[in-house]
Amino acid sequence: MQINGFSKLSKKEKINWLLKTYFQQQPEAEKILTQYWHRDEELQKLHDGFIENTLSNFYLPYGIAPNFKINNRLYAIPMVIEESSVVAAAAKAAKFWLDRGGFTTEILGLTKTGHIHFLYNGHTQELIQFFRENRSKLLSAIAPLEENMKKRGGGVKDIDLIDKTDQIEHYYQIEFKFETADAMGANFINSVLEEAAEKLEKLAQSQLTGQLTILMSILSNFTPDCRVKAMVKCPVEALETTAMPGKLYAVKFITAIKVAEKEPYRAVTHNKGIMNGVDAVVLATGNDFRAVEANAHAYAAISGSYTSLSHAKIEDNHFYFWLEMPLAVGTIGGIAGLHPLVKFSLQLLQNPSAKELMQIIAAAGLAQNFAAVNSLITDGIQKGHMKMHLNNLLNFIKADEKERQVAYAYFQNNKVSFAALKKLLNRQ
Ligand code: MEV
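It should be emphasised that the depicted structure is a prediction, and the values quoted were computed from it without experimental measurement.

Going through the model one piece at a time under the given rule, you end up with one cavity of 30 Å³ or more. Every residue lining the largest cavity is listed: Lys112, Thr113, Met184, Ile189, Leu219, Ser220, Asn221, Thr223 and Ala328. Grouping the constituent residues of the lining of the largest cavity by class yields four nonpolar, four polar and one charged.

This is the structure in C-alpha cells:
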C-alpha cells in the first residue's frame, strides 16, 4: 500500500501503519520491534538519529580477537559480524602468528581522489589554456573549506584537467588529489568538489567560448593510492604440524594462493574470506563497509582480471604471506564520536590514527585469510563450522547440559544435521 508523508509520522505512528498494512495487527510483530528499543531513552534517541524512519535497533554480535601482535604492539581487535567461526578463526590465527613474530604492516600511500565530471562542447585546447589560467582561482575558492584539514596535515594535494573525450563526447574531469588525515574524508572531499564546481562554472561563463556543463562532483571510493600492506613471515620449519612437515604445508599453502591468483571463481571466495576480517573491524570502528568492499574488489580487478588480494612465497627458506589492499577509513568524523560502541572500539585499539587503523584492519584481513586457507588445505572448513552449527541447533532446541554433552560426543564422528540431532535426543 502506498503512503505519503511517512517520514513525518512519529515512530509509534509508523509502527502502527506497518502493523496494520503488513502484519494483520499481530502483537508479536510489534513486540519484535519494541523489545530491541534501548531502555535508556537518550541512548535510543541517539540511535534513532543516525538514519531516517528508524523503528528499532538491529543487533549484531560484538566480539573480540585478542593476541594480535602488529608491529610489535599487542591489540585485542573488536569485530562485529553475524557469521560464526570468523572471530574464533581470527583469534586462532593471531595466536599462531604471535608465536612467530606477529604481523608487520606498512602504509603504501594516503592519497584519495575526487572528480568534477563535466561536459565542454568547445575546443580542447581552449579548455586546457583556461584551466592553466584559472587553476589557482579554483584552489583559492576552496581554501576556506580546507583550512581545518590543513591544520591536521591534510588538504588538496593536486588538481588536474583530464580529457576523456575519447570515451564520451565532450567529457572532461577536474581530478583532485586529497589527503584527509584521520578522517575518512567523504564529507570534506565532496564539499570541496562542489565548491570548486560552482567556481568552475562561473569562471567558464565569463571566459570560455563554448558551453561548460557540470555533470556531478563526487569523491571516488576507489583509492589505489591509499593502500596498506600486512605481512607475516617465519622459517618454513616453523609451519610444521602433527599432520604435515613445514615444507609440505608451505608449498600446499602457496599453491592454494596461486589458485586464487589465477582463478576468479576461487579469488572471489578467497577475498570474501579476507573481507570477513576487514569488514568486521570496519563495522566495529564505525566505518563505511560498503565503500571498503567496493574499493577492495575494484583493486582486486585492477589488472583487468579479478585476482587474489593476498600473495605468498618461499624465499631463503622462509615462508612469506602478505596482503595488499586499498583502504579508506577514519577514526574521527562520521559516527566515531557519537556511537558509544565505536568509541569503545577505538579506545580498545588505543585510539589509533587512521593510518594505524588501516594497518590493524589489514592485519585482521590477513589473519582471517590465513585461517581460512589453513583450514581448507588441512581439515576443510566444515569441521569448524559444524561445531558452531551444532551449538546453534542445541540453542534452538533449548538443550540442557546433559543433552549437549551427548550431542558433542556423538557428533565428533557423525555428520551434524538437525534431523540427526532430534533423533539422537528424542525430540520432535
Ligand atoms: C567463509 O565465510 C569464507 C571462506 O569461504 C573463505 C575461503 O574460502 O578462503 C572460508
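After that view of the structure, there is still more to cover.
When you line up the elements, Thr307 lands in the loop between α9 (289-300) and β9 (310-315). Reaching out from Thr307, the side chain makes a polar contact with the backbone oxygen of Glu261 at a distance of 2.8 Å. Excluding anything up to four places from it in sequence, Thr307 contacts Ala260, Glu261, Ala267, Asn271 and Ala300.

Let's shift gears to a nonpolar patch on the surface. Among the surface-exposed residues, Phe58, Leu60, Leu283 and Phe289 lie close enough to one another that they form a single nonpolar patch of about 390 Å² accessible area. With respect to the secondary-structure elements, Phe289 resides in helix α9. The partly exposed category is assigned to Phe289, whose relative accessible area is 31%.

On to the pattern of salt bridges. Overall, the coordinates contain twelve salt bridges when judged by the stated rule. A salt bridge links Glu42 to Lys45, with the shortest nitrogen-to-oxygen separation between them at 3.7 Å. Of this pair, Glu42 and Lys45 both sit in helix α3 (residues 41-48), three residues apart, roughly one helical turn. The burial state of Glu42 is the same as that of Lys45; both residues are exposed. For the salt bridge of Asp288 with Arg290, the shortest nitrogen-to-oxygen distance reads 3.4 Å. Using a relative accessible area of 29% as the deciding quantity, one classes Asp288 as partly exposed.

When cut into domains, the protein gives domain 1 (15-59), domain 2 (64-108 + 226-378), domain 3 (112-219) and domain 4 (385-424). Each of domain 1 and domain 2 was reduced to a C-alpha centroid, and the two centroids are 36 Å apart. Across the boundary between the two partners, domain 1 contributes four residues, which contact four residues of domain 2. Carbon and sulfur atoms make up 89% of the area that domain 1 and domain 2 hide from each other, which totals about 310 Å².

A separate point is the site of the ligand. Taken together, Glu83, Arg266, Thr269, His270, Lys272, Gly273, Asn276, Ala372 and Leu376 are the residues near the ligand. Here an oxygen atom of the ligand sits 2.6 Å away from a polar atom, N or O, in the side chain of Lys272. In isolation the ligand has 300 Å² of accessible area, and contact with the protein removes 87% of it. Those elements that place two or more of their residues in the shell around the ligand are α8 (264-284) and α11 (354-377). Top contributing element to the shell around the ligand by residue count: α8, with six residues. A per-class count over the shell around the ligand returns two nonpolar, four polar and three charged.

The pairing of strands in a sheet happens through backbone hydrogen bonds and is either parallel or antiparallel. Spatial strand order, β5-β6-β4-β7: four strands in an open sheet with antiparallel pairing. Each edge of the open sheet is held by one strand with a lone partner, namely β5 (155-163) and β7 (212-219). If you compare each strand with its neighbour and ignore which way they point, the axes differ by 20° on average. Relative to β7, strand β4 (residues 112-120) runs antiparallel, the two sharing seven bridges. Bridge pairing in β7 links Phe118 to Ile214.

The rules behind the values
- Residues numbered from 1 in each chain as written.
- Predicted model: local features only at pLDDT ≥ 70, side-chain atom pairs only at ≥ 80, totals over all residues.
- Heavy atoms only, no water.
- 1 Å grid on protein atoms, 1.4 Å probe; cavity = no way out; pocket = protein on both sides within 12 Å on 5 of 7 lines; lining within 4 Å.
- Points joined across faces, edges and corners; volume = space filled by probe spheres on them.
- Nonpolar A, V, L, I, M, F, W, Y, C, P; charged D, E, K, R; others polar.
- Helix = DSSP H or I, 4+ residues; strand = E, 2+ residues; numbered from the N terminus.
- Polar contact = N/O pair within 3.5 Å; in protein donor to acceptor, adjacent residues only side chain to side chain.
- Contact = heavy atoms within 4.5 Å.
- Patch = residues over 30% accessible without salt bridge, like charges linked within 9 Å, V, L, I, M, F, W, Y side chains within 5 Å.
- Areas by Shrake-Rupley, 256 points an atom, 1.4 Å probe, with all protein chains shown as cover.
- Salt bridge = Lys/Arg side-chain N within 4 Å of Asp/Glu carboxyl O.
- Buried < 20%, exposed > 50% of the residue type's maximum accessible area, 1.4 Å probe, protein only.
- Domains from an automatic or database assignment.
- Buried area = accessible area lost by both parts, 1.4 Å probe.
- Near = heavy atom within 4 Å.
- Pairing = 2+ DSSP bridges.
- Axes fitted to C-alpha atoms, helices over the stretch in contact; angles between N-to-C directions.

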